[in-house]
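# Examination of the molecular architecture
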Amino acid sequence: MIFRSTPRLKSTIGLIIFSSLAGFFWWLFYERYYRYKDCIETAASSCLNAQGDNLIGAGMVWALPAFIFSGIAVYYLWRVIGRCCANKP
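In this report, the structure presented in the accompanying data block is examined. Fair warning: this is a prediction, and the values are worked out from it, not measured in the lab.

### Considerations on the overall build of the protein chain
Per the secondary structure count, the protein chain includes three helices and two strands. For the protein chain, the proportion of its 89 residues judged to be buried stands at 22%. For the protein chain, contacts bridging at least 24 residues in sequence account for 61% of all contacts bridging at least 6. Split by element, the accessible area of the protein chain, about 6,600 Å² in all, is 67% carbon and sulfur.

Next up, the structure:
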């Protein structure tokens with residue numbers, strides 16, 4: 001039996017992959033910047049968290065790939081929903 005991938009399957013796999021990547025980068029953004037935002041702004045340069053990590057304002061950079069992968073995930077979601085609804089009479 002030969003397995004042929006359908007466009008809907010490719011879109012679903014893309015949705016899962018890019019949603020996972022977006023979630024990972026949003027988690028990094030939260031852990032490296034947003035969670036300690038007040039401390040970083042008060043210190044005006046860097047802040048030490050409870051684990052001893054030196055956090056700086058550059059932790060905000062994790063939002064960029066998070067936005068990009070979120071946008072791609074939304075595109076794939078739109079394709080999955082579009083293909084799903086297009087098959088209905």
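Here the narrative resumes, following the displayed structure.
### Quick look at a nonpolar patch on the surface
A grouping of Ile13, Ile17 and Leu21 is seen on the molecular surface, where their side chains present a nonpolar patch of about 230 Å² in accessible area. Mapped onto the elements of the fold, Ile17 is located in helix H1 (residues 7-32). Look at Ile17 and you get partly exposed, because its relative accessible area is 43%.

### Quick look at the packing of aromatic side chains
For any pair of aromatic rings, the description rests on two quantities: the centre-to-centre distance and the angle between the ring planes. Taken as a whole, this structure holds twelve aromatic pairs when the rule is applied. Geometrically, the ring pair formed by Phe24 and Phe25 is edge-to-face, given 5.4 Å between the ring centres and 70° between the ring planes. Since its relative accessible area comes to 41%, Phe24 is described here as partly exposed. An aromatic cluster is built from Phe18, Phe24, Phe25, Trp27, Trp62, Phe69, Tyr75, Tyr76 and Trp78, whose rings are joined through pairwise contacts.

### Some thoughts on the nonpolar core
Membership of the largest hydrophobic core is limited to seven residues, which are Phe29, Tyr33, Tyr36, Ile40, Cys47, Leu55 and Ala63. Other than its neighbours up to four places away in sequence, Tyr36 contacts Glu31, Asn49, Gln51 and Leu55. Formed by five residues, the second largest nonpolar core is a distinct cluster that contains Ala22, Phe25, Leu28 and Phe69.

### Let's talk about the pattern of salt bridges
Two side chains with opposite charge may pair up if their charged atoms get near one another. Overall, the coordinates contain one salt bridge when judged by the stated rule. Residue Arg35 pairs with Glu31 through a salt bridge whose shortest N-O separation is 2.8 Å.

### Overview of H1
Each α-helix winds once per 3.6 residues, and so residues spaced three or four apart point in a common direction. Between its terminal C-alpha atoms H1 stretches 37 Å, which fits the 38 Å expected from 26 residues at 1.5 Å a residue. Every buried residue of H1 is listed here: Ser11, Gly14, Leu15, Ala22, Phe25, Leu28 and Phe29.

### Some words on the environment of Tyr76
Along the polypeptide, Tyr76 turns up in helix H3 (residues 63-86). Separated by 58 residues in the primary sequence, Tyr76 and Phe18 place their C-alpha atoms 8.4 Å from one another. Not counting residues within four places of it along the chain, the set of residues in contact with Tyr76 comprises Lys10, Ser11, Gly14, Leu15 and Phe18.

### A few points about the environment of Arg35
Mapped onto the elements, Arg35 comes out in the loop between H1 and helix H2 (37-43). The exposure class of Arg35 is partly exposed, given its relative accessible area of 42%. Linking Arg35 and Asn49, residues 14 residues apart in sequence, is a C-alpha distance of 9.9 Å.

Cut-off values and rules
Residues numbered from 1 in each chain as written. Predicted model: local features only at pLDDT ≥ 70, side-chain atom pairs only at ≥ 80, totals over all residues. Heavy atoms only, no water. Helix = DSSP H or I, 4+ residues; strand = E, 2+ residues; numbered from the N terminus. Buried < 20%, exposed > 50% of the residue type's maximum accessible area, 1.4 Å probe, protein only. Contact = heavy atoms within 4.5 Å. Areas by Shrake-Rupley, 256 points an atom, 1.4 Å probe, with all protein chains shown as cover. Patch = residues over 30% accessible without salt bridge, like charges linked within 9 Å, V, L, I, M, F, W, Y side chains within 5 Å. Salt bridge = Lys/Arg side-chain N within 4 Å of Asp/Glu carboxyl O. Phe/Tyr/Trp six-rings, centres within 6.5 Å; stacked < 30°, edge-to-face > 60°. Core = buried A, V, L, I, M, F, W, Y, C linked by side-chain atoms within 4.5 Å. Expected span 1.5 Å × (residues − 1).

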